[in-house]
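Each chain, written out:
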Amino acid sequence: MRKSLLDISAMHARGEKIAMLTCYDSSFARVLEQAGVDMLLIGDSLGMVVQGHDSPIPVSIGDIAYHTACVARGSESVFILADMPFGSSQVTPQETFRNAAELMRAGAQMVKIEGGREMAATVEFLVSRGIPVCSHVGLTPQSVHQMGGFKVQGRDSAAAERIIEDAKALEASGASILLMEAIPRSLADRLCDAVKLPTIGIGASARCSGQVLVIYDMLGLGAYIPPRFVRPFIQETGSIEAAVKLYVAEVKSGRFPGPEHCYGS
Ligand code: KIV
């Protein structure tokens with residue numbers, strides 16, 4: 001039986017770490033599920049690792065829906081989370097709902113939306129109409145051009161406070177999970193204290209309720225120099241299955257991410 005949002009919240013409540021990876025097709029979905037991954041994210045990172053673009057910006061809602069359906073067909077028990085790609089949530093709440101509904105019809109159980117308090121009304125609109133939302137703060141890759149590159153966020157105290165206030169606003173609007181990307185570990189720790197939601201980190205802190213990585217990064221397949229937070233699990237193991245099992249074990253035990261995968265202030 002497929003894990004539900006209640007199962008994920010219960011893991012957080014009992015302090016069991018949540019292991020999440022990105023996934024874009026049915027074969028990987030089957031392998032990752034059998035290796036013990038709890039949640040699969042159909043991330044708009046597929047624009048880079050599957051489609052060969054240099055950012056997630058060209059990815060469409062149709063692309064995410066297609067890959068979500070592939071992942072749903074290849075899995076039975078993992079929780080499925082799908083990204084709202086660039087341009088699909090920066091519109092009216094009503095239009096965002098229509099886009100999110102397309103992902104839910106494809107098999108998603110929750111959608112992920114980048115952005116802070118400016119997305120709060122949209123989050124509330126979706127949640128009050130039955131679509132669970134994971135909010136994504138810190139480095140939000142869809143804003144790569146505004147941020148001047150894929151850079152660590154929240155390094156100065158004003159930016160850190162803004163991210164904390166964003167997280168509180170999103171929680172108050174009904175978001176069910178908070179994902180934080182590429183922020184200093186001290187800020188990530190503060191965020192984990194500031195909200196009661198399950199938190200998922202990538203380049204954040206081992207304090208988070210769970211962790212996520214782009215599957216192709218941890219398998220050493222990216223065409224770019226991997227960010228600091230990527231541990232190349234494949235090099236330690238030699239097979240995809242063993243690499244994913246090790247990732248799950250290291251997340252569950254709290255050994256990943258180590259200090260070498262986190263950012264200082
Ligand atoms: O698109 C993606 O893969 C993501 C993760 C990096 C969190 O948003």
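Everything discussed here concerns the structure shown above.
I will try to describe carefully the structure that is included in this document.

Reading guide: rules and limits
- Counting of residues starts from 1 at the beginning of each chain's written sequence and follows it residue by residue.
- Where local features are concerned, this predicted model is filtered to residues with pLDDT of at least 70; where side-chain atom pairs are given and counted, the filter is 80 or more; whole-chain, interface and lining totals use all residues.
- To obtain the side-chain values, all non-hydrogen atoms of the structure were included, while hydrogens and water were left out.
- Secondary structure is summarised from DSSP: a helix means a run of H or I of at least four residues, a strand means a run of E of at least two, and numbering begins at the N terminus for each.
- For a compact globule the rule gives 2.2 Å times the number of residues to the power 0.38, and the radius of gyration it is set against comes from C-alpha atoms.
- Think of it in three bands: residues with accessible area under 20% of the maximum for their type are buried, residues over 50% are exposed, and the middle band is partly exposed, with areas taken using a 1.4 Å probe on protein chains only.
- All accessibility values rest on the Shrake-Rupley procedure with a 1.4 Å probe; residue burial counts only the protein chains present in the view.
- Charge counting follows a simple rule: Lys and Arg are positive, Asp and Glu are negative, and His as well as the terminal groups are ignored.
- A single reference atom marks each charge: NZ on Lys, CZ on Arg, CG on Asp, CD on Glu.
- Whether two strands pair comes down to DSSP finding at least two bridges between them.
- To obtain each axis, a line is fitted to C-alpha atoms, and for helices this fit is confined to the stretch in contact; angles are then taken between N-to-C directions over 0 to 180 degrees.
- Between two residues, a contact is recorded if the distance between any of their heavy atoms is within 4.5 Å.
- Each nonpolar core is a collection of buried residues, namely Ala, Val, Leu, Ile, Met, Phe, Trp, Tyr and Cys, held together in the definition by side-chain atoms within 4.5 Å.
- Near residues are defined by distance, with any heavy atom within 4 Å of the molecule or strand qualifying the residue.
- Think of a polar contact as two N or O atoms within 3.5 Å of one another; within protein, one of them needs to be a possible hydrogen donor and the other a possible acceptor, and neighboring residues in sequence only count if both atoms come from side chains.
- The classification used treats Ala, Val, Leu, Ile, Met, Phe, Trp, Tyr, Cys and Pro as nonpolar, Asp, Glu, Lys and Arg as charged, and all other residues, Gly among them, as polar.
- By definition, the crossover connecting two strands over a helix is right-handed if that path, from the first strand to the second, turns clockwise as seen with the strands pointing away from the viewer.
- To estimate the expected span of a helix, subtract one from its residue number and multiply by 1.5 Å.
- The term salt bridge refers to a pairing of a side-chain nitrogen on Lys or Arg with a carboxyl oxygen on Asp or Glu at a separation within 4 Å.

Notes on the overall build of the protein chain
And step 1. Helices and strands together make up the secondary structure of the protein chain, namely 12 helices and eight strands.
And step 2. For a compact globule of 265 residues, the expected C-alpha radius of gyration is about 18 Å, and the protein chain comes in at 17 Å, within 12% of that figure.
And step 3. Taken over 265 residues, the protein chain has a buried fraction of 56%.
And step 4. When the accessible surface of the protein chain is summed, it comes to about 10,800 Å², and 53% of that surface belongs to carbon and sulfur atoms.
And step 5. If you average the places of the 24 positive and of the 28 negative side-chain charges in the protein chain, the two averages end up 3 Å apart.

Digging into the sheet that holds strand β3 (residues 79–83)
And step 1. Read around the closed barrel, eight strands run β1-β2-β3-β4-β5-β6-β7-β8, paired in parallel fashion. In this sheet, neighbouring strand axes are inclined to one another by 25° on average, regardless of whether the strands run parallel or antiparallel.
And step 2. The pairing of strand β6 (residues 177–181) with strand β7 (residues 199–202) spans four bridges and is classified as parallel. The partner of Glu181 across the bridge, within β7, is Ile202.
And step 3. Contacts between helix α4 (residues 61–73) and the sheet are confined to β2 (39–42) and β3, with β3 contributing the most and set at about 170° to the helix.

Re the nonpolar core
And step 1. Met180, Leu191, Ile215 and Tyr247 are the most contacted members of the largest nonpolar core, which has 88 residues in total.
And step 2. In contact with Leu191, not counting residues within four places along its chain, are Val137, Ile163, Ile164, Ala167, Leu178, Met180 and Ile183.

Thoughts on the site of the ligand
And step 1. Around the ligand sit Thr22, Leu41, Gly43, Asp44, Ser45, Asp83, Lys112, His136, Leu179, Glu181, Ile202 and Val214, and that is every residue in its neighbourhood.
And step 2. At a separation of 2.5 Å, an oxygen atom of the ligand approaches a polar side-chain atom of Ser45.
And step 3. Note that an oxygen atom of the ligand is positioned 2.8 Å from one of the side-chain N or O atoms of Lys112.
And step 4. Relative to its unbound accessible area of 250 Å², the ligand is 96% covered by the protein chains.
And step 5. Its residues assigned to classes, the shell around the ligand shows four nonpolar, four polar and four charged.

Considering unusual backbone geometry
And step 1. Between Phe256 and the following residue, Pro257, the backbone shows a cis peptide bond with an omega angle of 5°.
And step 2. Residue placement: Pro257 occurs in the segment after α12 (240–253).
And step 3. In the Ramachandran plot, Ala182 falls in the positive-phi region, its phi being about 50° despite a non-glycine side chain.
And step 4. Examined against the element boundaries, Ala182 turns out to sit in the loop between β6 and α9 (185–194).
And step 5. Here Ala182 falls in the buried class, since its relative accessible area comes to 2%.

Considerations on the pairing of strand β5 (residues 133–138)
And step 1. For β5, a buried count of six out of six residues is recorded, marking the element as mostly surrounded by other parts of the structure.
And step 2. On β5, burial covers both faces: Val133, Ser135 and Val137 on one face and Cys134, His136 and Gly138 on the other are all buried.
And step 3. In the sheet, strand β4 (residues 110–114) pairs with β5 via four bridges, with the strands oriented parallel. Across the sheet, residue Lys112 finds its bridge partner in β5, namely Cys134.
And step 4. Once you follow β4 into helix α6 (residues 120–127) and on to β5, the crossover reads as right-handed.

A few points about helix α5 (residues 93–106)
And step 1. Counted at 1.5 Å a residue, the expected span for α5 with its 14 residues is 20 Å, and the 20 Å between its end C-alpha atoms agrees.
And step 2. Along α5, the residues that are buried comprise Thr96, Asn99, Ala100, Ala101, Leu103 and Ala106.
And step 3. After α5 finishes, the residue Gly107 shows a positive phi value of roughly 130°.

Comments concerning the pairing of β6
A regular strand places its side chains on the two faces of the sheet in alternate fashion.
And step 1. Where burial is concerned, most of β6 is hidden: five out of the five residues are buried.
And step 2. Burial of the side chains of β6 extends over both faces: Ile177, Leu179 and Glu181 are buried on one face and Leu178 and Met180 on the other.
And step 3. Pairing of β5 with β6, which is carried by five bridges, proceeds in the parallel orientation. Across the sheet, residue Ser135 finds its bridge partner in β6, namely Leu178.
And step 4. Handedness of the crossover joining β6 and β7 through α9 is recorded here as right-handed.

A word on the side chain of Glu114
And step 1. Within the secondary structure, Glu114 sits in strand β4.
And step 2. Buried within the structure, Glu114 lacks any salt-bridge partner; Lys112 is the closest side chain of opposite charge, at an N-O distance of 4.7 Å.
And step 3. Sequence-distant contacts of Glu114, that is, excluding residues within four places in its chain, are made with Asp44, Met119, His136, Thr140, Pro141, Gln142 and Ser143.

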